[in-house]
Amino acid sequence: MAVDGAAGTQHAGDAVAGRSPAAPAPWHVTGRELYERAFALNPTPLLVLDGSGFVVEVNDAFCALVGHDRATLLGPGGGQVLGLAERGPDDLRQLGDSPAGSGARPVRWRRDDGSTVTTRVAATFFELPGVPDGCWLLAARDTSGEDDLVEQLTYQAFHDPLTGLANRVLFEDRLGHALARATRAGGGCGAVFLLDLDDFKGVNDTLGHHVGDELLVALADRLRLQTRVSDTLCRFGGDEFLLLVEDLESPHDVDDVAARLMSSFEDPFEVGGTSVIQQASLGIVPWSTGNEDPTSLFARADTAMYEAKRLGKGRHVVFDPGVHERAVQRFELAQELRGALAAGELSMHFQPLVELATGRVEGFEALMRWAHPTRATVPPDVFIAIAEESDLIFELGAFALREATRRAMGWTAVEHGRSLYVSVNLSTRQLYDPNLVRTVEEALTLSGLPPSRLVLEVTETAALGDLEAANQTMQRLVQLGATIAIDDFGIGYSSLSYLSLIYPKIIKIDQSLVRGCPGDPDRLVLLEGVVSLGHGLGAKVVAEGIENAEHLACVRAVGCDVGQGYLFSPAVPAGDVAAALHRVEEELRRGRH
Ligand code: C2E
Ligand code: MG
Ligand code: MG
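We now turn to the structure provided with this report.

The rules behind each value
Residues numbered from 1 in each chain as written. Chains lettered and ligands numbered in written order. Predicted model: local features only at pLDDT ≥ 70, side-chain atom pairs only at ≥ 80, totals over all residues. Heavy atoms only, no water. Near = heavy atom within 4 Å. Polar contact = N/O pair within 3.5 Å; in protein donor to acceptor, adjacent residues only side chain to side chain. Areas by Shrake-Rupley, 256 points an atom, 1.4 Å probe, with all protein chains shown as cover. Helix = DSSP H or I, 4+ residues; strand = E, 2+ residues; numbered from the N terminus. Donors = N, O, S within 2.8 Å, 3.2 Å for Na, K, Ca; no water. Buried < 20%, exposed > 50% of the residue type's maximum accessible area, 1.4 Å probe, protein only. Patch = residues over 30% accessible without salt bridge, like charges linked within 9 Å, V, L, I, M, F, W, Y side chains within 5 Å. Salt bridge = Lys/Arg side-chain N within 4 Å of Asp/Glu carboxyl O. Phe/Tyr/Trp six-rings, centres within 6.5 Å; stacked < 30°, edge-to-face > 60°. Lys NZ or Arg CZ within 6 Å of the ring centre and 35° of its normal. Pairing = 2+ DSSP bridges. Axes fitted to C-alpha atoms, helices over the stretch in contact; angles between N-to-C directions. Arc of directions from axis to C-beta. Contact = heavy atoms within 4.5 Å. Core = buried A, V, L, I, M, F, W, Y, C linked by side-chain atoms within 4.5 Å.

1. Looking at the site of ligand 1
Here is step 1: Around ligand 1, 24 residues are found, and the nearest of them are Asn425, Asp487, Gln511, Glu547 and Tyr566.
Here is step 2: The separation between an oxygen atom of ligand 1 and a polar side-chain atom of Arg369 is 2.9 Å.
Here is step 3: A distance of 3.5 Å separates a nitrogen atom of ligand 1 from a polar side-chain atom of Arg515.
Here is step 4: Look at ligand 1: alone it shows 790 Å² of surface, and the protein chains cover 85% of it.
Here is step 5: The element that contributes the greatest number of residues to the shell around ligand 1 is strand S14 (residues 360–370), accounting for four residues.

Set out below in C-alpha cells:
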C-alpha cells in the first residue's frame, strides 16, 4: 500500500483498518476452526455428500433452505429426507460435470413441510480421507422466486391479460400442432371459428372503454362455458375471438359448436350499471386433412366472418368456395367502382314523385346509375353496399348530392311557377359521418339550390346505431333548411320513439307493403295503419313501387299523398327529366291511370 511520504497521510482504507497492512495480524486462528466456521456460516446453502448420496455435512444456510435440522440430515436416511434417494452417483456426477457457476443444474429438495424448493446446484468432487468414493460439495441457489417469475412471464407471453384467454401466439402454436397431428394421422376433422363483435365500437364510444373491457371479460367467461377443455379459446385482438376445435366427428358438427358459441349472446350483458345487447358475426373454416396452412385458414375464416357481417351480422357463415368467390367479386367491383367515379361512369337518374290528388309531379328522387363499360348493369343497391364497406361511400354520397342539386337547379325552366324538389338517398354510414352536414352545405352552395328544394332520404335501419348522434345530424340538416324523409318505411326496425325524435316531414312506404295490397284485405288494413301513423305525425306519406292500376287504387284508397313507381315512370337520365314530367302529367290528365 503506497503512503504519501511527503505529506505523511494514509490512504482512506488504511485509516479505516487503523493499522499498517504490513503489520502481522494480532490474532491466531487454526485453519480447521476458520474453515469450519466459514463452512457453517457460509450464506450459500452447502451440502457435502458421499458418492452414494449419504449426507456428510450441511451448513446452516442449507438447513434453513430445506427446513430440516442438521442432526436429521446427517442421521440415517438424511438423503431420503431430502428426496436424494432417487439420485444415484451418476446424477451427482452429472451435477459435477456442469462447469462451475453458470452450469448449475436445477435440483428440487423436499422440505420438512412436504413442499419442495427449487434450486440451482453447482457440484465439486473432492477426496476426503475416510470416505472411500470421495465427496461432492454441492452449493445451492434458491431459484423458486425466479421460477415463479419465469412461469409468470411464460403465462403472460401466451395469454391475453384482460380475459386470461390464450393469445394469438399460443393459438397459432396450437393450430400448427393440430394440423401436424392431423397430417401424421392421415386426416382428422377440426375447425377454426372466428368471432367478431358487431358494432363493438359503439359500446366503447358511448359507455367508455372500461365498460367495453368489462363486457369482453364477461363474454370470455360465457364463451369458456361453451367450450371443452381440449378446445383452444383465444382473444385474437380487440373484439375478435378465435376457437380451435380439434377432434370433430365430421365437418358438419361445426353448426352445433357455432350454435353454442352464438348462445353466449342471447342474454344482455350487465356491465357498467347498464344492460347491453351485444351480437357477433362468426366465420367458420372446417378442415378434414392436416394439409392446410394456418395463414390461409385465418384468411378463409376472415372471409366467412365478413360474409356473415355483410348478410346482416349476428349470424354465422361456414366458409365454402362460393363465399370466397363472392368476396373476390366484391373486391374487384370495389376496385372498379373506385375508378368509375373518376372515369365519369356514374350518373344520377331521376324518378318522378306524383302528388296523387292533383296528378302533378312535385319532385324527383335521384337514383345513382353505373354505366359499367363491360359488365351488365350493376344495380345501385349492390354497388352502394360495396361502397359502404369502405370510405368510398363518402365520395359516392358527396357526388350524389352535388350532381342531384346541380341538376335540380336546371329544372327551373320546366317548373312553370312551381317548386320541384330533389330527393337524395343517404346511406346509414353517411348519417354517422361528422362531415355530412358540411358536404350537404357545400352541394347547396355550389349548385345554388334553395335548401327548401332538397329532401334527404334516410332508411329506418339508421336508427339501429347511435340514435342520439344520428338525431343531432338530422336536426342540423333540418336547420339548414332541408327536409328529412324516412325511406323504405315498414320493413326495417324503426321504433316509434325514433320517429318521434326525428319528426320526419315525409314517410316513404316500402314497395313490398304496396305490392302485397291488391286482393289482400289484411295488407290493406296494415297499409292504412301505416298511412294514418304517418299522418298522425304530421308527415306526408309517399307510396313506392306503384307498378299498376291496382297498386294505384290501393294507395289512393288508404290516403297516400304521393306516388312513385314504374306505372308513372322509371328513373330517367337527367336530360329526360322535362319530357318525363310532361308525359306523366299528360297521362294522368287524360285519366289513363
Ligand atoms: P330506394 O331509395 O328505395 O329507391 C327506390 C328504388 O325502387 C329504386 O331502385 C327505383 O328504381 C325502384 N323503383 C321505383 N319504382 C319502382 C316500381 O314500380 N317497381 C319496382 N320494382 N321498383 C321501383 P334503384 O334505383 O335500383 O335503387 C335501389 C336502391 O339503391 C335505392 O332504394 C337506394 O336505397 C339505393 N340508392 C340508389 N341511389 C342511391 C344513392 O345515390 N345513394 C344511396 N345512398 N343509395 C342509393
Ligand atoms: Mg330512396
Ligand atoms: Mg325506398
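2. What about the coordination of the magnesium ion (ligand 3)?
Here is step 1: Distances from the magnesium ion (ligand 3) to its protein donors, namely Asp487 (OD), Asp488 (OD), Glu544 (OE) and Glu544 (OE), fall within the range 2.0 to 2.6 Å.
Here is step 2: All donors to the magnesium ion (ligand 3) come from one chain, and their sequence spacing reads D-D-x55-E.
Here is step 3: The distance between the magnesium ion (ligand 3) and the magnesium ion (ligand 2) comes to 3.9 Å, and Asp487 binds to both of them.
Here is step 4: Since its relative accessible area comes to 24%, Asp488 is described here as partly exposed.

3. What about the coordination of the magnesium ion (ligand 2)?
Here is step 1: Bound to the magnesium ion (ligand 2) are the protein donor atoms Glu365 (OE), Asn425 (OD1), Glu457 (OE) and Asp487 (OD), situated 2.0 to 2.2 Å from the metal.
Here is step 2: All donors of the magnesium ion (ligand 2) belong to a single chain; written as a sequence motif, their spacing is E-x59-N-x31-E-x29-D.
Here is step 3: Residue class for Asn425 comes out partly exposed when judged on its relative accessible area of 25%.

4. Describing a nonpolar patch on the surface
Here is step 1: Taken together, the side chains of Trp27, Val29, Leu34 and Tyr35 define a hydrophobic patch exposed on the protein surface, amounting to about 500 Å² of accessible area.
Here is step 2: Checked against the element boundaries, Leu34 lands in helix H2 (residues 31–41).
Here is step 3: A relative accessible area of 44% means that Leu34 is categorised as partly exposed.

5. Some remarks on the packing of aromatic side chains
Here is step 1: Under the defined criterion, the tally for this structure stands at seven aromatic pairs.
Here is step 2: Their ring planes at 85 degrees and their centres at 5.7 Å tell us that Trp370 and Phe383 sit as a pair that is edge-to-face. Taken together, the residues span a long stretch of sequence, with Trp370 in strand S14 and Phe383 in helix H14 (residues 380–388) at a distance of 13 residues. Like Trp370, the residue Phe383 is buried in the burial classification.
Here is step 3: If you follow Arg168 out to its NZ or CZ, it ends over the ring of Phe236, 4.0 Å from the centre.
Here is step 4: The side chain of Arg222 reaches across the aromatic face of Phe269, ending 3.8 Å from its centre.

6. Let's talk about the sheet that holds strand S4 (residues 116–128)
Strand pairing in a sheet relies on backbone hydrogen bonds, with the paired strands running either antiparallel or parallel.
Here is step 1: Pairing within the open sheet is antiparallel, and its five strands lie in the order S2-S1-S5-S4-S3. The sheet is open, and its two edges are formed by strand S2 (55–58) and strand S3 (105–110), each paired on a single side. Within this sheet the neighbouring strands show an average axis-to-axis angle of 35 degrees, counted without direction.
Here is step 2: Summarising the sheet, strand S1 (residues 46–50) and S2 pair through three bridges and their orientation is antiparallel. Along S2, the bridge assignment pairs Leu49 with Val55.

7. Here's the deal with helix H23 (residues 549–557)
Here is step 1: Buried within H23 are the following residues: His551, Leu552, Cys554 and Val555. Down the axis of H23, the buried side of the element spans an arc of 160 degrees, and every buried residue falls inside it.
Here is step 2: Of the surrounding elements, those touching the buried residues of H23 are helix H21 (511–515), helix H22 (521–536) and strand S19 (540–543).
Here is step 3: Among the residues of H23, the N-terminal cap falls to Asn548, whose side-chain oxygen and the backbone nitrogen of Glu550 are separated by 3.2 Å.
Here is step 4: Immediately downstream of H23, the backbone of Gly559 shows phi near 90 degrees, a positive value.

8. Focus on the nonpolar core
Here is step 1: Among the nonpolar cores identified, the biggest contains 75 residues, and Phe350, Val422 and Leu456 are the most heavily contacted of them.
Here is step 2: With eight residues, helix H15 (residues 392–409) is the largest single contributor of residues to this core.
Here is step 3: Leu456 has contacts with Leu401, Val424, Leu426, Val440, Leu477, Ala482, Thr483, Ile484 and Ala485, leaving out every residue within four places of it along the chain.
Here is step 4: Among the nonpolar cores identified, the runner-up in size contains 31 residues, and Ala191, Ala220, Phe241 and Ala258 belong to it.

9. So, the pairing of S1
Here is step 1: Of all five residues that make up S1, five are buried, and the element is covered over most of its length.
Here is step 2: A two-sided burial pattern is seen for S1, the buried positions comprising Leu46, Val48 and Asp50 on one face and Leu47 and Leu49 on the other.
Here is step 3: One ladder, built from five bridges, connects S1 with strand S5 (residues 131–142); its direction is antiparallel. Paired with Asp50 across the strands is Cys135, a residue of S5.
Here is step 4: Taking the residues between adjacent antiparallel strands as the criterion, S1 and S2 are bridged by four residues, where Gly53 takes a positive phi near 95 degrees.

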